[in-house]
Amino acid sequence: MDENSWHDQWRIKRALKKLSADPMNEVWIITDSDVGVLKRAYGHIRGLHLAGYKGTQLNRQSARG
């Protein structure tokens, strides 16, 4: 699988920040790997919820940005 370009990663993070900041949204990213992978890439985004191992490992954030 190809990695996203720097510009695409920036656009993804910007969209996730906007979506997660809206109190009407509950935004989750789910991966089949360890949730730590997502935490390193997206853990700084307030209100974004992460799930690893196909949803069996949760990292739910309660703070809104």
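As shown above, the structure is provided for reference.
What comes next is a walk through the structure. The numbers attached to residues start from 1 for each chain and follow its sequence in the written order. Reporting of local features is limited, given that this is a predicted model, to residues whose pLDDT is at least 70; pairs of side-chain atoms are given and counted only at 80 or more, and all residues count toward the totals for whole chains, interfaces and linings. As a rule here, side-chain values cover all heavy atoms of the structure and leave hydrogens and water aside.

**Points about the pairing of strand 1 (residues 27-30)**
Consecutive residues of a regular strand have side chains that alternate between opposite faces of the sheet. Threshold: Only protein chains enter the accessibility calculation, which uses a 1.4 Å probe. A residue is then buried if its area is under 20% of the maximum for its type, exposed if over 50%, and partly exposed in between. Here a helix means four or more residues in a row that DSSP labels H or I, a strand means two or more in a row labelled E, and each is numbered from the N terminus. When DSSP finds two or more bridges between a pair of strands, those strands are recorded as paired. If the strands point away from the viewer and the path from the first strand over the helix to the second runs clockwise, then the crossover is right-handed.
Alternating positions in strand 1 separate cleanly, Val27 and Ile29 being buried on one face and Trp28 and Ile30 remaining unburied on the opposite face. Alignment of strand 1 against strand 2 (residues 48-52), held across four bridges, turns out to be parallel. Each residue of the ladder has a partner; that of Ile29, found in strand 2, is Leu50. Each parallel crossover has a hand, and the one from strand 1 via helix 2 (residues 35-42) to strand 2 is right-handed.

**Concerning the pattern of salt bridges**
Rules: Salt-bridge detection follows one rule: a side-chain nitrogen of Lys or Arg within 4 Å of a carboxyl oxygen of Asp or Glu.
Under the criterion given, the structure shown has one salt bridge. Asp8 serves as the salt-bridge partner of Arg11, at 3.6 Å between the closest nitrogen and oxygen. Of this pair, Arg11 and Asp8 are both found in helix 1 (residues 6-21), three residues apart, which corresponds to roughly one turn of the helix. Given the relative accessible area of 30%, Asp8 is considered partly exposed.

**Observations concerning the nonpolar core**
Selection rule: Residue types Ala, Val, Leu, Ile, Met, Phe, Trp, Tyr and Cys, when buried and joined through side-chain atoms within 4.5 Å, form a set referred to as a nonpolar core. The contact rule is simple, with two residues in contact once any of their heavy atoms fall within 4.5 Å.
Grouped together as the largest cluster of nonpolar side chains are nine residues: Leu16, Val27, Ile29, Val35, Leu38, Tyr42, Ile45, Leu48 and Leu50. Secondary-structure elements contributing two or more residues to this core are strand 1, helix 2 and strand 2. Examining the composition of this core, we find that three residues originate from one element, helix 2, more than from any other. Ignoring sequence-local partners within four residues, the contact set of Val35 consists of Leu50, Ala51, Gly52, Gln57 and Asn59.

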